Amino acid sequence: MATKNRDQERLYAPGKLSFHFAIWSTLLLLVSVWMVWQDYDRPWKGFQREYRAKEASIALQKRKNLETRLGGAAVLEGLVKDESAARAALAALSAEGGELATLEAQLKDLKHKLTRAESAEKEVKGLLSPARYRYELALHHEKEGHGSQADSEKARETLNRWASELQRAERAVEAAQADHDAVAARVRDIRKPAEAALKAAEERLAGYRAAQGAEVGLAQKYENNQWRNAPVIDFIAKTLEIKQVVLKNIHDNWNFATNVKVDRCMTCHLGIDKPDMTDEAIGRVFASEIAKAYGVEDPYPAAGSPEAAASALPPAPEALAALDEAVDKFKKDHGFESWMSAHPGLDLIAGPSSPHSLEAVGCSVCHHGVGWSTDFSRSAHAYQSKEQLERWKADYGWQKPQFVDFPMIAREYVQGMCFKCHKQGFGWPVTYTESLDHGWVPQVHDVVGQGPQVLKPFDSFGKLVLPPAPGAVDG
């Protein structure tokens, strides 16, 4: 029988088919991996990692500062030993066979006795009430001619018996309570010195322990569990995530559609509402390092240093001014980028307790730009100088945004946006770190001897009082 050519029975030869399947399957796998990686490796994640590293460095420095103010590592170790000794002394008081152990066991029995006495008292009260009702009902029936005097007397005797029982129960409760309170007072007197010593030791370490807990918490959340941010499984409690606010009372007008405003600027600008990221806070935390590196005076000497006697006095203005100048150099030399900084004047804008919190007004209401974008160029950032533009092109691949109706406003003009909501203007001068003269509304004031005068921005009077803004505005 003739042998059939199996290769000619198929459209493609098996060997060639297997070869092409292997090639294209591998290519599909590589493209799929590339696609997943491109979706995962977003630039904003790098910004968040940099910010978290600086946040951790601040927490570390805070702990070191507290350690220094306590007197150094040796003193800290001694305080920890004192705390352990105080806790051990308190525990030793309750050791078996001691007076306190005997009193605590007795106190436990007295507590049970008091509970039983109170239960008995409640039970008698529960029986006294219906006895009183039956007595009053018997008197009523006797008065109406429906009952006899004997029934009333019998009900009265029952009532008096339960009243006497209640008196005995109340005296039993009072006696049990007195016995319990006496033993409890003795227990408190024995424990009081040891508890006071432990409380004092804990109070001395309270600030350090809080700073240490914050440092450990940041490390646990952002450093020790990086697997939660791995591709594909990053839906499990990831720590790198897009941050956003949805402003239901403020809207974006897209010509043929009006949507609520969504801002995601804080995805990269994580420190925008954090008091720890202000220049003042950074200067205070890193004051000793700045003083050593840039030759300025430390306005915040450690409690254990020779300057301890003067530390209770407020820092000298000259020292604070010199520190402020050195903070900019420190931030530049140690990677504290401008985008990590807190918004100026957190008590007025962006701060959690400010009248213009992120949850209330967001970012793009004042700064414009594409608030929902997390891409540096597509957000329509506005550069301040040619040097900054060139740096942005080199570092972030900045390109001029296309088809953006409202790109970001230059910093010196942002204050004019106040009048989008506060259309009535406000008084001057303002208690704020930046001037609002780009949105200045001329004011007329009657000057004695001169008549009506048009005041310049910083000649006006009064504090910054903003009229209420409307409930919803178009951004």
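Use the structure listed above.
Here we look at the packing of helix α3 (residues 73–93) against helix α5 (residues 149–223)
Packed helices, taken two at a time, are described by the angle their axes make and the gap between the axes.
In step 1: Where α3 contacts α5, the axes come no closer than 9 Å and their chain directions differ by 150°. As summarised for this structure, α3 and α5 are arranged roughly antiparallel, according to the angle between their axes. Remark: the crossing between α3 and α5 carries left-handed chirality. Touching Leu76, Leu79, Val80, Asp82, Glu83, Ala86, Arg87, Leu90 and Leu93 of α3 are Ile190, Arg191, Ala194, Glu195, Ala197, Leu198, Ala201, Glu202, Arg204, Leu205, Tyr208 and Arg209, all from α5.

Considering α3
In step 1: The terminal C-alpha atoms of α3 lie 30 Å apart, and with 21 residues this matches the ideal 30 Å at 1.5 Å per residue to within 8%.
In step 2: Those residues of α3 lying buried are Leu76, Leu79, Glu83, Ala86 and Leu90. Projected down its long axis, α3 shows its buried positions confined to an angular sector of 80°, all on one face. Residues Ala74, Lys81 and Ala91 are exposed on α3 and point more than 90 degrees away from its buried face.

Focus: the pattern of salt bridges
In step 1: As enumerated under the stated definition, the model contains 19 salt bridges in all.
In step 2: One salt bridge connects Arg42 with Asp39, and the closest N-O pair in it is separated by 2.9 Å.
In step 3: Judged by its relative accessible area of 33%, Arg42 falls in the partly exposed class.

A few points about helix α8 (residues 317–333)
In step 1: Taking 1.5 Å per residue, 17 residues should reach 24 Å; α8 reaches 25 Å between its end C-alpha atoms and fits that length.
In step 2: At Ala326, α8 shows its largest bend, some 25°.
In step 3: Residues of α8 that are buried: Ala319, Leu323, Ala326, Val327, Phe330 and Lys331.
In step 4: Of the surrounding secondary structure, the elements contacted by the buried residues of α8 are α6 (279–285) and α7 (287–294).
In step 5: Gly335 lies just past α8 and shows a positive phi near 75°.

Some points on a negative patch on the surface
In step 1: A cluster of acidic residues, Glu280, Asp324, Glu325 and Asp328, forms a negative patch on the protein surface.
In step 2: Per-element accounting of the negative patch gives the leading share, three residues, to α8.
In step 3: The residue Glu325 is located in helix α8 in this model.

Some remarks on the nonpolar core
In step 1: Grouped together as the largest cluster of nonpolar side chains are 34 residues, with contacts concentrated most on Met277, Phe286, Ile290 and Phe336.
In step 2: Where this core is concerned, the elements lending two or more residues are α2 (43–70), β1 (245–253), α6, α7 and α8.
In step 3: Setting aside chain neighbours within four positions, we find Ile290 in contact with Gly283, Gly295, Val296, Leu323, Ala326, Val327 and Phe330.

Considering the side chain of His356
In step 1: Following the sequence through the fold, His356 ends up in strand β4 (residues 356–357).
In step 2: Engagement of the side chain of His356 in a polar contact is seen with the backbone oxygen of Leu348, the distance being 2.9 Å.

Criteria and cut-off values
Residues numbered from 1 in each chain as written. Predicted model: local features only at pLDDT ≥ 70, side-chain atom pairs only at ≥ 80, totals over all residues. Heavy atoms only, no water. Axes fitted to C-alpha atoms, helices over the stretch in contact; angles between N-to-C directions. Helix = DSSP H or I, 4+ residues; strand = E, 2+ residues; numbered from the N terminus. Parallel < 35°, antiparallel > 145°, perpendicular 65-115°, else oblique. Left-handed = near helix turned anticlockwise from the far one by under 90°. Contact = heavy atoms within 4.5 Å. Expected span 1.5 Å × (residues − 1). Buried < 20%, exposed > 50% of the residue type's maximum accessible area, 1.4 Å probe, protein only. Arc of directions from axis to C-beta. Salt bridge = Lys/Arg side-chain N within 4 Å of Asp/Glu carboxyl O. Bend = angle between axes of the 7 residues up to and from the residue. Patch = residues over 30% accessible without salt bridge, like charges linked within 9 Å, V, L, I, M, F, W, Y side chains within 5 Å. Areas by Shrake-Rupley, 256 points an atom, 1.4 Å probe, with all protein chains shown as cover. Lys, Arg positive; Asp, Glu negative; His and termini not counted. Charge placed at Lys NZ, Arg CZ, Asp CG, Glu CD. Core = buried A, V, L, I, M, F, W, Y, C linked by side-chain atoms within 4.5 Å. Polar contact = N/O pair within 3.5 Å; in protein donor to acceptor, adjacent residues only side chain to side chain.

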